[in-house]
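# Architecture and fold: a report
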Amino acid sequence: TKITVSSMVGVNEKPRTTPLLNANQFRVYASDLLKDVYTNPSYLSSLPFLNDNPLYYDYNRFHNNNNWSENVYRNGITQMHNVSVSGGDNVAFYNLSVGYTNAQSGMMASDFSRFNTRFNADVELTSKMKFSIDLAYAQTDNELRDDGYGEGSQIISSPGTIAMVKAPFLIPYEYAN
């Protein structure tokens, strides 16, 4: 009988992201762009993200400093563990293996796990008759996030893309219809 155990643990580093404007820099950039579109200064000053009065009812919604990539990416751990028992003689041979894999990607809530087991046996009943059995079971759980651009007018749902285009002054968690 031979028993084999193997394990592997690794780290998936958070990806490097493009440096983006902070909330104050973005607010100045957006107001400069809007000056050319809205020539009436009173309209421009009425925009909620430009209202710097802390008593304004929507002040907290539009005066944050979020690095959206911090809410999307992370360091992840990958691990694989396997145990195998095999043996036999000139009449029968068997092998039983059990394994577990868990992988966290660099994007939050995009994980993979798998449990698998396998049993093989070969038995020589007579010199002319052999019997083999192979049983296997695997359970895979995969949580995969969209990380690409939509085509045409399709809504962009990629957290990585949204983290690069969403205004940094917005509140990070908000329920909306």
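Data block above holds the structure.
Since we're looking at a predicted model, the values are computed, not measured.

Pairing analysis gives 13 bridges linking strand 3 (residues 92–104) to strand 4 (residues 111–126), with the strands arranged antiparallel. Bridge pairing links Y100 to F115 in strand 4. Taking the residues between adjacent antiparallel strands as the criterion, strand 3 and strand 4 are bridged by six residues, where A109 takes a positive phi near 55°. Taken together, the 14 bridges between strand 4 and strand 5 (residues 129–142) define a ladder with antiparallel strand orientation. For T117, the partnering residue across the bridge sits in strand 5 and is Y137. Linkage of strand 4 to strand 5, two consecutive antiparallel strands, is achieved through a turn of two residues.

Within this structure, the stated rule accounts for six aromatic pairs. On the numbers, 6.3 Å between centres and 50° between planes, the contact of F26 with Y29 is tilted. Separated by three residues within a single helix, F26 and Y29 lie in helix 1 (residues 23–37), roughly one turn from each other. Under the relative-accessibility criterion, F26 is labelled partly exposed at 23%. Under the relative-accessibility criterion, Y29 is labelled partly exposed at 45%. For the ring pair F49 and F169, a centre distance of 5.0 Å and an interplane angle of 5° mean the geometry is stacked. Of this pair, F49 sits in the loop between helix 2 (41–45) and helix 3 (59–62) while F169 sits in the segment after helix 5 (159–165); the two residues are 120 residues apart in sequence, bridging distant segments of the chain. Take F49 and F169: they sit in the same class, and that class is buried. Through successive ring pairs, a cluster of aromatic residues spans F26, Y29, F49, F62 and F169. Across from the ring centre of W68, 4.9 Å away, lies the NZ or CZ of K166, which sits over that ring.

Now for the environment of Q25. As for its position among the elements, Q25 is in helix 1. The partly exposed category is assigned to Q25, whose relative accessible area is 41%. Through-space distance from the C-alpha of Q25 to that of F62 is 14 Å; in sequence the pair is 37 residues apart.

Another aspect to go through is the side chain of S31. For S31, the position within the fold is in helix 1. Overall, the relative accessible area of 12% leaves S31 in the buried class. Sequence-distant contacts of S31, that is, excluding residues within four places in its chain, are made with L44 and L50.

What counts and how
Residues numbered from 1 in each chain as written. Predicted model: local features only at pLDDT ≥ 70, side-chain atom pairs only at ≥ 80, totals over all residues. Heavy atoms only, no water. Pairing = 2+ DSSP bridges. Helix = DSSP H or I, 4+ residues; strand = E, 2+ residues; numbered from the N terminus. Phe/Tyr/Trp six-rings, centres within 6.5 Å; stacked < 30°, edge-to-face > 60°. Buried < 20%, exposed > 50% of the residue type's maximum accessible area, 1.4 Å probe, protein only. Lys NZ or Arg CZ within 6 Å of the ring centre and 35° of its normal. Contact = heavy atoms within 4.5 Å.

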